[in-house]
Amino acid sequence: GNPGDNKYWDIARCNDAITNIPKGGMAQNRQREYLGQYYALRAMAYFELVKIYGGVPLILEQQLANSVYTGGRKSAKDCFAAIISDLNNSMTMLEGFNPSDGDGRGKMTKLIAACLKAKVLLYWASPQFNPTNDPKHPYVAARWTEALAANKEAYDLCMSAGKRLMPSYIDIFRTEGTANTEAILVRTYSNTI
């Protein structure tokens, strides 16, 4: 099957890259660009798992071929903390990174990592992971406050990057490349995969 169908396969590839890129001898700025992208990709893979299952096994280090993970399932709280940590690392490492190949499709940027962080924190604050949702409870208010701050940061970054709603909804699907001011994270349609 497609490796993208197995999130732990994707996580393992990210862990391999995060472990080995610093050992490869490439320039520091190039290392930061690659590492920032892999941290964001690992966060995305874990977020997809956590949305469905809650707490999951949290493997954040390279696993050798003959090793067996024995850490068990972690709490949703631990998983969200790891996802946010990866996205914070990604945002730091991708500061100033602007893909130079046309519209930068297929490359993670600080803007994308910030938007993902905003979405992740909305889920963490939502009733799905916060069932009491009592605004008087201190941890509930803290979660919503953190989500608001992350969404404000993502919004400000989007506005600075020229991101705006398209004048007509249908234009979102008809407009390609940088002319689509709504597109932030794009996966181009392919009829072969």
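Here the structure is a predicted model, which is why all the values come from computation and not from measurement.

*Asks:* Sorry, what's going on with the packing of helix α2 (residues 28-53) against helix α4 (residues 110-125) here?
*Replies:* Describing two packed helices takes the angle between their axes plus the distance from one axis to the other. One way to put it is that α2 packs onto α4 with a least axis distance of 12 Å and a crossing angle of 20 degrees. Judged on the interaxial angle alone, α4 and α2 are roughly parallel. Taken as a pair, α2 and α4 cross one another with a handedness that is left-handed. Side by side, α2 and α4 meet where Met44, Phe47 and Lys51 of the first sit next to Leu116, Lys119, Val120 and Tyr123 of the second. Broken down by class, the residue content of the contact of α2 with α4 amounts to five nonpolar, no polar and two charged.

*Asks:* Where do I start with the nonpolar core in this structure?
*Replies:* The nonpolar side chains of a soluble globular protein tend to be buried with one another. One finds Tyr46, Val50, Phe80, Ile83, Leu87 and Val120 to be the most contacted residues of the largest nonpolar core, which totals 38 residues. Of all the secondary structure elements, the ones that give two or more residues to this core are α2, α3 (76-93), α4 and α5 (138-160). Of the residues forming this core, the biggest block, eleven residues, is contributed by α4. Not counting residues within four places of it along the chain, the set of residues in contact with leucine 87 comprises Ala40, Ala43, Ala113, Leu116, Lys117 and Val120. Counting six residues, the second largest nonpolar core, distinct from the first, contains Ala17, Ile21, Leu35 and Tyr39.

*Asks:* In this structure, what is going on with helix α1 (residues 7-20)? I would like to understand it.
*Replies:* Turn by turn, an α-helix covers 3.6 residues, leaving residues three or four places apart pointing in a common direction. Relative to the 20 Å expected for 14 residues at 1.5 Å per residue, α1 spans 20 Å between its end C-alpha atoms, a close match to the ideal helical length. Looking at where α1 begins, the residue whose side-chain oxygen comes 2.9 Å from the main-chain nitrogen of tyrosine 8 is asparagine 6.

*Asks:* What am I meant to see in the side chain of glutamine 31 here?
*Replies:* Note on placement: glutamine 31 falls in helix α2. In this structure, glutamine 31 is in contact with Ile21, Pro22 and Met26, ignoring residues within four places of it in sequence.

*Asks:* Whenever I open this one, the pattern of salt bridges confuses me. Can you help?
*Replies:* As a working rule, side chains carrying opposite charge can pair if their charged atoms are close by. Per the stated rule, a full pass over the model turns up six salt bridges. As a salt-bridge pair, glutamate 95 and lysine 110 come within 2.4 Å of each other at their nearest N and O atoms. Here the residue glutamate 95 occupies a position in the loop between α3 and α4, and lysine 110 occupies one in helix α4, the gap between them amounting to 15 residues.

*Asks:* In this structure, what is going on with α3? I would like to understand it.
*Replies:* Taking 1.5 Å per residue, 18 residues should reach 26 Å; α3 reaches 26 Å between its end C-alpha atoms and fits that length. Residues Ala76, Cys79, Phe80, Ala82, Ile83, Ile84, Asp86, Leu87, Ser90, Met91 and Met93 constitute the buried set of α3. The elements touched by buried residues of α3 are α2, α4 and α5.

*Asks:* Where do I start with the confidence of the model for the protein in this structure?
*Replies:* Note: predicted coordinates in regions of low pLDDT should not be interpreted at a detailed level. Here the protein shows a mean pLDDT of 89. Residues at 70 or above account for 93%. Element-level mean pLDDT values for the protein span from 88 in helix α6 (residues 171-174) up to 97 in α3.

*Asks:* What am I meant to see in the packing of α4 against α5 here?
*Replies:* Taken N-terminus to C-terminus, the directions of α4 and α5 make an angle of 155 degrees; their axes are 8 Å apart at the nearest point. Here α4 lies roughly antiparallel to α5, going by the angle between them. Relative to α5, α4 is oriented so that their crossing is left-handed. Along its contact with α4, which presents Lys110, Leu111, Ala114, Cys115, Lys117, Ala118, Leu121, Leu122, Trp124 and Ala125, the element α5 presents Arg143, Trp144, Glu146, Ala147, Ala150, Asn151, Ala154, Leu157 and Cys158. Among the residues making up the contact of α4 with α5, the classes are represented as 14 nonpolar, one polar and four charged.

About the cut-offs
- Residues numbered from 1 in each chain as written.
- Predicted model: local features only at pLDDT ≥ 70, side-chain atom pairs only at ≥ 80, totals over all residues.
- Heavy atoms only, no water.
- Axes fitted to C-alpha atoms, helices over the stretch in contact; angles between N-to-C directions.
- Helix = DSSP H or I, 4+ residues; strand = E, 2+ residues; numbered from the N terminus.
- Parallel < 35°, antiparallel > 145°, perpendicular 65-115°, else oblique.
- Left-handed = near helix turned anticlockwise from the far one by under 90°.
- Contact = heavy atoms within 4.5 Å.
- Nonpolar A, V, L, I, M, F, W, Y, C, P; charged D, E, K, R; others polar.
- Core = buried A, V, L, I, M, F, W, Y, C linked by side-chain atoms within 4.5 Å.
- Buried < 20%, exposed > 50% of the residue type's maximum accessible area, 1.4 Å probe, protein only.
- Expected span 1.5 Å × (residues − 1).
- Polar contact = N/O pair within 3.5 Å; in protein donor to acceptor, adjacent residues only side chain to side chain.
- Salt bridge = Lys/Arg side-chain N within 4 Å of Asp/Glu carboxyl O.
- pLDDT = per-residue confidence, 0-100.

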